[in-house]
Structure formats: structure tokens, C-alpha cells
Amino acid sequence: MDFVHCTVENPQAEACATGVFIRLSAPKSMLDTEIKVTPELAAEHGLTAEEYARIQKILGRDPNFTELGIFSVMWSEHCSYKSSKVHLRRLPTRGPQVLQGPGENAGVVDIGDGLAAAFKMESHNHPSYVEPFQGAATGVGGILRDIFTMGARPIAVLDSLRFGPITSVASGAKAPEGTARSARLKSGPTSPGLTSTAANLGDSHSASFVGAGFSPSEQAAKARALAPGGVDEETIARNRRILDGVVRGIAHYGNCFGVPTVGGEVQFEPGYSANPLVNVLALGIAKKEDLFFAKARGVGNPVIYVGAKTGRDGIHGASLLASAEFTEESQQKRPNVQVGDPFMEKLLLEACLEAMRTGAVVAIQDMGAAGLTSSSCEMASRGGLGIEIELDRVPQREPGMTAYEMMLSESQERMLLVAERGREQEVLKVFAKWGLDAVEIGRVTEDGLVRVRHRQEIVAEIPAHALAEEGPVYQRPLAPPAAVANERLVEFSAAGADLTENFRVLLAAPAIASKRWIWEQYDYMVRTNTLEAPGAGDAAVVRIKGTKRALALSSDGNGRWCRLDPFLGAQLAVAEAARNVACAGARPMAATNCLNFGSPEKPEVMWQFSRAVDGIAEACTTLEIPITGGNVSFYNETLGRSIDPTPVLGVLGMIEDASRALGMAFLAEGDYVLLLDGNASEASMPENAAKEFSSSEYSRTIRGVESGAPPAVNLAAEKRLIAALAALASGGQLQSAHDISDGGLAVTLAESCFASNGFSARATVTSKGPDEAVLFGERGARAIVSVTPENVAAVRRIAAQYEVAVVEVGRVSRGEFRIELNGKAVVSAEIPSLADAWSGALERLLSRNDLRKAE
Amino acid sequence: MKFGVVVFPGSNCDHDAWYALGQVLRQPVEFLWHQSEEVKGFDAILLPGGFSYGDYLRTGAIARFSPVMRAVEKFARGGGLVLGICNGFQILCEAGLLPGVLQRNAGLRFVCKQVHVRVETTDTAFTATARPGQVLQMPIAHGDGNYFCDQATLADLERNHQIVFRYTAADGREEAAANPNGSLANIAGVCNRERNVVGLMPHPERAVETALGSDDGLVVLRSLIESLTRRAVVSA
């Protein structure tokens, strides 16, 4: 029974979001309307007894089977935000620049020159595990539709990806130099309350989620075979295949559609092995007056269906009728993912924008999650009206589809629009020109009902507002996880040790290494706006043609830190994204987010969620970057184990003068290398160095220790640094800027060298802290900038105005890369050898024989 | 003088070509819809990059049957100047206007990056203003750019100086490491025997402003403009 319960939990949650479906296996002869709806059937649709009673109350009768399906998707976690709503209200969403906050298909901000930027981030996690290529591809497709539904042309995409380890962490783990090597290093996470070590995964009940060709029993067997703290070779190979498929999927969809994939980030942690994260952020531009909203108007106006035909893909729920068979036929019943068609989407984009220009379109919404159901009832609900549709007119891919299937289908590349009565021909003509189906399937009504007809019968009749807005809202129980006893913290090497070799290993760690292997597979230049390509700067920068301006975008998040402290971890995500945007020379102006968590029914997960929201709220308020939209993805767990809580923040920034956009590369020999520190004092060195350092990338990679606490956050310091960077960049005083983050000062310096035209750096640092903490510590509010000798004085003066400390670190040079600490060289190596370790690491791991060989 | 940029369903570099010619180089340029049955009034036709008709069958294989391609073929046979970039190059090969084929990249992955190509002949309208052997930096972005032809065709191409661009290192040295996709003999672009049709995988239209990494693509586009100007003078 455990197993059945688990299957209900998972697919139900993300089914409508993701298009995961298990095929209806009701008797073929039975029509939908004949399937008797009972409380048990409702429960199998994931509706609680209270929710079912609420449906009966809204309708004043029992729902029929089609209506039950409609309610179950609309009231699913993904569509209704029933567990997250009460928390999300705490986020700041207003600001003079915000034209549209949460609640529409995407958030919109004013970017001057009569233009608006629409942007939003969304997850496609489960499908990307089940079928990495199509899962990721349709993830890109979904968020692009959200953008052009607003009337905005997509101009950039970023991806935040999380995978399980693609190399054995334990192999890189070394005992600190100058101390005895520990008997056995434990690299498994020691998370409070969530300590499911790899070894005890095996005895948990069957898979709640099955992916990538592995049956539940195979997975369980695999988990059992794991050595404590280790990651077995098969899991590593599978993680590589998932990464490969996801990257190909993103490339396939984005490249063909013609939107540049300009940035993002990738991290690797064991918790994502059975639940990778694929979060896609898209940005689009529109003239302010051309913005479109999904709000039905005008009783009698025609409702037009456009785009791809409706098929049986993405239907969920009914599967649960057959849960008894699930184990026996798990291979056939394994959740499927829709197949995306970027070509169709490209046509849909051009046709929709052209149709909007006719002035005959009143409202438009894409059919993403919950397809025809959500698009019709949300448009009706927002307009305070009703919508009547006739399913016999819906273009169908296959004959014999039931009303239930059509209403719940999540076939991709479809839109629903409301046109002005009498002008429908203008709209239909545009779609005909692009060779797309466009059919009038219904009309706007005044009775406030979503009425669905099929084969001359009314198969559903539901009050739109109640369906869309009066769903359940839960204040789920919260409970902090139990503290971990006897947490092992990192041991520092003796002062003055040669740390060059550790540095080299760190540079080649997947989390730090160059992601070139990934982004070279993306067309990051199409539309010829990309001023800062992937890897060139801390944020992606795209110019806005026809203006002097450019936009900077960065997406960031650190699940490890959020596991250790969700409040601080979430704040650090906001701070880093904002800092990155500032390092590109931009003023942060707004944010979107994608909140990836485990099951909200677990009080510990809900506590993490609530704390993360609090962290984001405080950070965004202090830094004055309102949240304009986003996405919550719950139920990210497999085998009963939750992922690390992973809020990902996407921050948008404005560069008034595009020619002042900054990269991270050093530009000229002899330039000064300065550390800008918002903390304005030597206070950057944490009081409890070991505790903070134990959560660093260095600690994990070199010592195999992941514990302690995230770096302390000083939002005021972040704010000062961001303001100083934006001012210095716009004044043209900086040559380059790069924030100190993963891997600390040493990695930051090295990356500015690697990005340059063969330059190196010589740095001299003094500090009282442990050597490793100084070199590799990840405390925020700091950035490395390079400055021409004649601008140094100006930089010091301006930084002082913002109360930001300036520490001279060294000079841009040629030849040996060298860091002296307290008068002793602690890192010294030739740039080409370091660059090779860093730039070729992913390629060496991913071009092995378990993938097709890359040349 | 008027340029036509063909728009197939799925073209996605059409706007970039239009922008480079119209906004950066200030030339008259218009889009040509794939269903156009004639290309009258245009002095040069550009087939842009993208995924025409989704390219699901084979790159360029469907586009070559579109109505506009019949007109382009006629235009080319009459000596009109035609430039195919990326997907445009693939379409020209499929249409038989250029020799050879473009296969899947040897690495079996899409590749997007800056590359260097050497101008192998200045005897085309698209390279007329280049220095012989000049090295140009331009980006590539394709999954199917692996040029191939049989040995007899290759010998023909060499003999007739139809190889227009070769992938090289930044200093112009021809080497395997500089070949991003496994193309035969490092071929990045070729012309027909009459030299009025050129196709290449790199994107000159993406390399017209230093802010975006390179403006070497201007050599190609300016050569085209200059050749057209000269033609106009000759015919006048």
C-alpha cells in the first residue's frame, strides 16, 4: 500500500506541470460520463475528502468524471499553489518599475524607451529525469510560450541545472596537508533531520518515481549496493547521460526556435541523482503598448484554438485507477513525456505576434500545464466571465478521444485566444499564412461558467472563478529538522602549506570547472544581441537594439547551503544573482524565482520552504529587487528522499549604456587588481572560520566535508557593493569585474585570467585567517575588479563614497600565476596548466565511452 | 541595389541578416516569403540560417522544394548573386546549386563558437575585397556543418578554385584542431563553377560589430556590395 500511496503523491503533484502521464486504463467500452465518480475515485485523483466535499459544494451536486479530472488538475499543487500560496504572499512584488507582478504568464518590468521586459523562470524537473532530452526541450518550450503569450519576443534563455555527481567525489577528497590522513572520509551530507545516507535508501518502499529506464527494483538494488558516502559507477554514468540528454534537449529546442541560450549555471550534488533540476528562465521584449494579458473580454467574442493538434499526451490522473497494475506493468506504465516541436513553436511565435499586431486579439493564453482546462478557465476567471467550448471542433491528433482526455491533454505548442467578434477572419488569416491550425471552438459567455460540450452533450459545467481562484489553500505544518550530532568540521592545513595542487583539483571539480562543453552546444548568439556570452562575465548581457541600453541576467542558487540553512542559503542566492548582475555593470531591477523542494506534506520540507521564502523576502526587500513571478516545484523526491532545498533566483539588471557592460576578463598587463569589499573592513574573515568553510566547495571537493553553516550574510554590505559596482561600471572606471563566489578568491582571480587573452595575475594578500579560508572562502559582498593605473585613485574615491573597502591585491601580469599570503607563496603555477585543468574537465568526464564521443 | 533575405518557416537568422545589411551597412533590404514565386527587382539573394521547415528530414531537404527556391534557382542560373549562410548553404547544396553535402558534425553535437577561416580565393563577388589568404574570425552555430564530397568533386573544386573558405588557426595555418566539424579538407565555404553562388557555414552577418566579438564578416558583405556596385556601373 505504501507504493500506491507514493505513486499518488508524485505524479499528482507535477503531472499537470510536467506532462507526466500514465495512460487511462478504464474499460474501452465505457464512456467518461458513465464512470461513476465516488470519493474513492476522487482520492485516486489526489483530491482529499475535504477537497472533494468542496467540489460538491461548488457544483451543488457530484461532479462527473470529466469535471473531476478538471478539478484535480486545477487544484493540483502545481496549478493551485495550495501549499505555497500562504508563504509566497510574504515576497515583495511591488516597485515603480514593475508593470506586472505575479499572477500573469510572466512578470513585466519597464525598461525605458517605451519598452517592457517580460521574464519568468520555470521548472521541468521530473520529465527531465524520465526522458532527459524531451523533458528539457519541452521545459524550454513551455517558458518561451509564457513569454510570447505576453506579446513579447523572447530574446534570451538561461538554464539553472542540477545533476547528481558525474565524478566520484570521494576520489578527490584528501586529508589536510600536515595532518594525519583520516582513516575513512565520510563525504555523505550530514543534513539535519534529512540524514538518509545512501545506504538506507535501499530499504525504503518502492520507487515513487521511475526514470531513465530503471525499474524501481533495479534502483533499490542499486541504492543498496552503495558504499556509505560513495556514489557507484552506474549512478555516475546515468547522471552523465541525464546531463547529456538535458543539454541536447535544451540545445535542440532553443537553437531551432532561434532564441539564444546565453547563460545559467550547473551544480552537482548527490541529492539530485534521482531528481535532477531543470529550471529555465526566459526573457522577452515588447513595446509597452503591445503587451498582452490573459483576460477574456466581450461576451460573444470567439474563442480560437491555435497551433498543434491535441493528442493523448500529458494526461494524468486516470492512471491511478490502475495503480494495482502499476508494479506488474511498470515498464509500460512508466510516465511519459511529451515530444516538443521547436519548429511548430517558432511558427506559433511568429504567427501569434503577427496576429496580435492586427489588433483583433483580445486575450491569449498558452496551453501548458492542464492544457485546455487551465487556459479556458483562467482566461474566463480573470475576465469575470464564462467560456463555452465545443470539443468536437478541437483539432485532434487521433480519433476517439474522450472529453476527459482532451481537457487534460498537455500536448505542446498550443494556444487559446479570444478574438474580437467580426474580426476573427483577420486572425485566422495570419495563422493560415504560417500553416497553423486555427479553429473557433467556442465563445465568451456572461454566466461565469466554463461549459464544455462534446458530442451534443454538456460534459462539464463549472463556475470558472471557483475553479481558478477558490481552490484549497493550506497552511501545512512546519517543523525544523533535528540538529545533527557530532558534526565533523573541516580541518585546516598548516599555515604556509603549498596549496597549488589542491587548487588545481578544485579548478577541475565539475562545480567550478568551465562549463564550455555545455554552452558551446547552445546557439548563444542568434539575434545578434549577446554582448557578454556564456563564460565571459558574471551575468549574461544582451543589448536592446534601437536603444543604448542592455539587460543583464543571472540565475543562482546553492542547494548545499540551503540544506544547512534555508534562510541564509536563499539570501545568498538572491545576493549572488544581484551581485553577478552588478559585476556586469548593471543595476539590479527585478527578480524571478524557481523554488524546488521536496514534499510539502513533510513538515521539515515545509519548514525549509517557509524559511527560504523568508530569506528571499528579506534579501529582495533590502536590495530593492521585487519578485515579479516564478514557479514552485514541490515533490522533488525519489525513494522517499527529498532533494536539497533549492531556491533558484533569477535577477534582471539594467545597463543604461550598453558600451559599458563589463566582462570578467583581465584586459591589460599592469592593470591593478583590487578587491572591493562591501563589508568595509577586515571583518570579512568569519569568526568561526571552520564552520563556514565546511560548507565551501573546497571543503567538499578537497576534504569531502559538507557541513557547518553557509557563509554569514550581510545584506547591507551586499547593497553597498552592488551600488558601488554599478556606479563604477557606468562611469567607465573598471576594466573587469568578477564576484567572489564558488572557490573563493583564488578561483575568482584565476577565472579572470582564463577568460583573458593570455594574462596572468600576481597577488599579495595579508590576513590573520587560516590560509585555506583566505584563498578559498566563499563569503559574499566581495568582488575582484581590474583597473587601469590612472583610474585607481578614482575607484578608491568612488568606492569610499559607497563605504566599500578597496584592497589592493596585485597586478595583471604575464607568466606565472602566483598568490602570496603573509609573505609566502601559497599558490604558484603556470596559467596554461591551470587553464587546462579547468577548461577541459567537463569534456574529459563527459566525452567518455558511456556517451557518444565528442571530437 | 536591393537585397532579398528569404524567409522560410523556421528561418531564424533572417532578422540578423536583415539587420546587418539594412541597419549596419545601410543597404536596401527586404524579406522574401518562401511562397514567393519570383525574385524580380532583387540584385542579390541571401538564404539565411535557421531550421527551414524544422529540418526534420535532413537539413535543407524540404526547403529546396519551396516555391521561392525555384525562383532563386532561375535567378542563379541567370548569373544573379546568391549567398547561403549555414542553413542557406545546406539548402543550396540540396538544391544542387552548390556541389557537396553537409553532414552531421563529426562530434555529433551542435557547436556554437568563434572560428577562423582563411579566404582561399578572392575571385568571387563575396570575397572580392579580401586580401588573398586573409584570415577572418566569424562564429559558427550548427549541428550539420561537416562538408563532404567525393574525391573527383574535391579535385574539381581545387582545380577550379571553388573552395572559398577553409577553417584554420588564427594565424592561417591549416590544421585538424581548427576544424570544428570534421569538414573534408577543412572546407568552410564553396562556390559554384560560375562563381556567383557561395555557401558557407560561418555567419558573416553575426560578425559585423566588434561589440559582438568580431566585425570580419563585413569583408564578405562589403565585397558583395562592392561587386554589385561594379556590376551596376558595367551594365550602365
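Everything numeric in this text was worked out from a predicted model, so none of it was measured.

**Some points on the overall build of chain A**
Here's step 1: Broken down by element type, chain A carries 31 helices and 28 strands.
Here's step 2: Every one of the 855 residues in chain A was classed for burial, and the buried ones make up 65%.

**Examining the overall build of chain B**
Here's step 1: Per the secondary structure count, chain B includes five helices and eleven strands.
Here's step 2: Taking 2.2 N^0.38 as the reference for a compact globule, 236 residues should give roughly 18 Å; the C-alpha atoms of chain B span a radius of gyration of 16 Å, in line with that estimate.
Here's step 3: Projected onto its principal axes, the C-alpha positions of chain B cover 45 × 40 × 40 Å.
Here's step 4: Here chain B, with 236 residues, has 57% of them falling under the buried criterion.
Here's step 5: Across chain B, contacts joining residues at least 24 apart in sequence account for 77% of those joining residues at least 6 apart.

**What to know about the environment of A:Leu91**
Residue and element names in this part refer to chain A.
Here's step 1: Positionally, Leu91 belongs in the loop between α6 (85-88) and β1 (98-100).
Here's step 2: Through-space distance from the C-alpha of Leu91 to that of Ala619 is 9.9 Å; in sequence the pair is 528 residues apart.
Here's step 3: When sequence neighbours within four positions are dropped, the list of residues in contact with Leu91 reads Val613, Ile616, Ala617, Cys620 and Ile627.

**Side note on the pairing of strand β6 (residues 111-119) of chain B**
In the case of a regular strand, side chains alternate between the two sheet surfaces.
Residues and elements named next belong to chain B.
Here's step 1: Burial analysis of β6 places seven of its nine residues in the buried class, which makes it a mostly covered element.
Here's step 2: As paired strands, β6 and strand β7 (residues 135-142) are joined by eight bridges and run antiparallel to one another. By the bridge assignment for β7, Val117 is matched with Leu136.
Here's step 3: Across four bridges, the pairing between β6 and strand β9 (residues 163-168) is antiparallel. Each bridged residue has a counterpart across the sheet, and for Val117 the counterpart in β9 is Tyr167.

**Digging into the interface of chain B and chain A**
Here's step 1: Every contact between the two is made by 24 residues of chain B and, on the other side, 23 residues of chain A.
Here's step 2: Contributions of two or more residues to the side of chain B that touches chain A are made by α1 (14-24), β6 and β7 of chain B.
Here's step 3: A breakdown of the residues in the side of chain B that touches chain A according to their chemical character gives 13 nonpolar, seven polar and four charged.

**Concerning the nonpolar core**
It is characteristic of soluble globular proteins that their nonpolar side chains tend to be buried jointly.
Residues and elements named next belong to chain A.
Here's step 1: Grouped together as the largest cluster of nonpolar side chains are 351 residues, with contacts concentrated most on Ala117, Leu507, Leu551, Ala552, Val574, Leu676 and Leu725.
Here's step 2: The element that contributes the greatest number of residues to this core is helix α22 (residues 566-583), accounting for twelve residues.
Here's step 3: Dropping the residues within four chain positions of it, Leu725 is found in contact with Ala582, Cys583, Leu676, Ala737 and Ala783.

**Description of the pairing of strand β4 (residues 81-85) of chain B**
Residues and elements named next belong to chain B.
Here's step 1: Buried residues dominate β4, accounting for five of its five residues.
Here's step 2: Burial along β4 is two-sided: the residues Leu81, Leu83 and Ile85 and Val82 and Gly84 are all buried.
Here's step 3: Judged from the four bridges that link them, strand β3 (residues 44-47) and β4 form a sheet pairing that is parallel. Directly across from Ile45, in β4, lies its bridge partner Val82.
Here's step 4: Handedness of the crossover is the feature at issue here: the chain leaves β3, passes through helix α2 (residues 67-77), returns alongside β4, and the resulting connection is right-handed.
Here's step 5: Strand direction decides the pairing type here: β4 and strand β11 (residues 197-200), joined by four bridges, are parallel. For Gly84, the partnering residue across the bridge sits in β11 and is Gly199.

**Section: unusual backbone geometry**
Residues and elements named next belong to chain A.
Here's step 1: Backbone geometry at Tyr81 places phi at a positive 55 degrees, although glycine is not the residue there.
Here's step 2: Position of Tyr81 among the secondary structure elements: in the loop between α5 (77-80) and α6.
Here's step 3: Judged by local crowding, Tyr81 falls into the partly exposed class, with 19 C-beta atoms found within 10 Å.
Here's step 4: For Ala781, which is not a glycine, the phi torsion comes out positive at approximately 60 degrees.
Here's step 5: When you line up the elements, Ala781 lands in the loop between α28 (771-776) and β25 (782-787).
Here's step 6: With 27 C-beta atoms counted inside 10 Å, the residue Ala781 sits in the buried group.

**Overview of α2(B)**
An α-helix turns once every 3.6 residues. As a result, residues three or four positions apart point the same way.
Residue and element names in this part refer to chain B.
Here's step 1: When α2 is considered as a whole, its buried residues turn out to be Val68, Met69, Ala71, Val72, Phe75 and Ala76. Down the axis of α2, the smallest arc covering the buried residues is 160 degrees, so these residues share one side.
Here's step 2: On its buried face, α2 is in contact with β1 (3-7), β2 (29-33), β3, β4 and β11.
Here's step 3: The first or second residue beyond α2 is Gly79, which carries a positive phi of 95 degrees.

**A word on the sheet that holds strand β17 (residues 587-596) of chain A**
Residue and element names in this part refer to chain A.
Here's step 1: Here six strands make up an open sheet; going across it, the order is β14-β15-β16-β21-β17-β18 and the pairing mixed. Of all the strands in the sheet, the pair left with one neighbour each is β14 (530-532) and β18 (627-633). Strand-to-strand twist in this sheet, taken as the mean axis angle between neighbours without regard to direction, amounts to 25 degrees.
Here's step 2: Sheet topology note: the β14/strand β15 (residues 540-543) ladder contains two bridges and is antiparallel. Counterpart to Glu532 in the pairing with β15 is Val541.

**Quick notes on the sheet that holds strand β24 (residues 760-765) of chain A**
Residues and elements named next belong to chain A.
Here's step 1: What the seven strands build is an open sheet, ordered β23-β25-β22-β26-β24-β27-β28; its pairing is mixed. If you trace the sheet from one side to the other, it starts and ends with β23 (736-739) and β28 (824-830), each paired once. Here the average twist between neighbouring strands, direction ignored, is 20 degrees.
Here's step 2: Pairing between β24 and strand β27 (residues 816-821): four bridges, direction parallel. Counterpart to Arg762 in the pairing with β27 is Arg818.
Here's step 3: Packing of helix α30 (residues 831-839) onto the sheet brings it into contact with β24, β27 and β28, and relative to β28 it is tilted by some 75 degrees.

**Description of the packing of α22(A) against helix α26 (residues 715-730) of chain A**
Residue and element names in this part refer to chain A.
Here's step 1: Between α22 and α26, whose axes approach to 9 Å, the crossing angle comes to 15 degrees. Classified by the angle between their axes, α22 and α26 sit roughly parallel to one another. For the element pair α22 and α26, the recorded crossing hand is left-handed. Residue-level inspection shows Gln571, Ala575, Ala578, Arg579, Ala582 and Cys583 of α22 in contact with α26, the latter providing Leu715, Glu718, Leu721, Ile722, Leu725 and Ala726.

**Looking at the confidence of the model for chain B**
Here's step 1: The predicted model of chain B has a mean per-residue pLDDT of 97, with 100% of residues at 70 or higher.
Here's step 2: Here the predicted complex carries an ipTM of 0.97, next to a pTM of 0.91.

**A word on helix α23 (residues 603-623) of chain A**
Here's step 1: Compared with the 30 Å implied by 1.5 Å per residue over 21 residues, the 30 Å span of α23(A) between its first and last C-alpha is a close match.
Here's step 2: The first or second residue beyond α23(A) is A:Glu624, which carries a positive phi of 60 degrees.

**Focus on the environment of A:Trp434**
Here's step 1: Structurally, A:Trp434 can be placed in the loop between α17 (424-433) and β11 (438-445).
Here's step 2: Once the C-alpha coordinates of A:Trp434 and A:Gly386 are considered, the two residues, 48 residues apart in sequence, prove to be 30 Å apart.
Here's step 3: Sequence-distant contacts of A:Trp434, that is, excluding residues within four places in its chain, are made with A:Leu347, A:Glu350, A:Ala351 and B:Pro9.

**Some points on the confidence of the model for chain A**
Residues and elements named next belong to chain A.
Here's step 1: With 84% of its residues at a pLDDT of 70 or more, chain A shows a mean pLDDT of 86.
Here's step 2: Below pLDDT 50 for its whole length, residues 177-217 participates in 93 contacts with residues either more than four positions away or in separate chains.
Here's step 3: The low-confidence segment residues 317-335, where pLDDT is below 50, has 35 contacts with residues more than four positions distant or belonging to other chains.

**Topic: the environment of A:Gln396**
Residue and element names in this part refer to chain A.
Here's step 1: Structurally, Gln396 is set in the loop between β9 (386-390) and α16 (403-408).
Here's step 2: Spatially, the C-alpha atom of Gln396 lies 5.0 Å from that of Lys309, the residues being 87 residues apart in sequence.
Here's step 3: When sequence neighbours within four positions are dropped, the list of residues in contact with Gln396 reads Lys309, Thr310 and Met401.

Calculation rules
- Per-chain numbering applies: the sequence of each chain, read as written, is numbered from 1 onward.
- Going through the entries in the order they are written, you letter the chains from A and number the ligands from 1.
- Only residues with pLDDT of at least 70 are given local features in this predicted model, and only at 80 or more are side-chain atom pairs given and counted; all residues enter the totals for whole chains, interfaces and linings.
- Each helix is a run of DSSP H or I of at least 4 residues and each strand a run of E of at least 2, with the numbering of both proceeding from the N terminus.
- Here a residue counts as buried when 20 or more other C-beta atoms sit within 10 Å of its C-beta, as exposed when there are 12 or fewer, and as partly exposed otherwise, the C-beta atoms being derived from the backbone.
- Throughout, radius of gyration means the C-alpha value; the globule benchmark is 2.2 Å times the number of residues raised to the power 0.38.
- C-beta atoms are first placed from the backbone for all residues, and any pair lying within 7 Å is then listed as a contact.
- At least two DSSP bridges between two strands are required for those strands to pair.
- Throughout, the ten residues Ala, Val, Leu, Ile, Met, Phe, Trp, Tyr, Cys and Pro are labelled nonpolar, Asp, Glu, Lys and Arg are labelled charged, and all others, Gly among them, are labelled polar.
- By convention the nonpolar core is taken to be a set of buried residues drawn from Ala, Val, Leu, Ile, Met, Phe, Trp, Tyr and Cys and joined through C-beta atoms within 7 Å.
- Crossover handedness is defined here as right-handed if the route from the first strand over the helix to the second strand goes clockwise, with the strands pointing away from the viewer.
- Picture the helix axis, draw a direction to every C-beta atom, and the arc is the one those directions span.
- Every axis corresponds to a line fitted to the C-alpha atoms, with the helix fit spanning only the stretch in contact, and the corresponding angles, defined between N-to-C directions, vary from 0 to 180 degrees.
- Angular relationships are summarised with four words: roughly parallel below 35 degrees, roughly antiparallel beyond 145, roughly perpendicular across 65 to 115, and oblique for the angles in between.
- Note: crossing handedness is left-handed where the near helix turns anticlockwise from the far helix by less than a right angle, and right-handed where it turns clockwise.
- Per-residue confidence from the predictor is reported as pLDDT, which spans 0 to 100.
- To estimate the expected span of a helix, count its residues, drop one, and scale the result by 1.5 Å.

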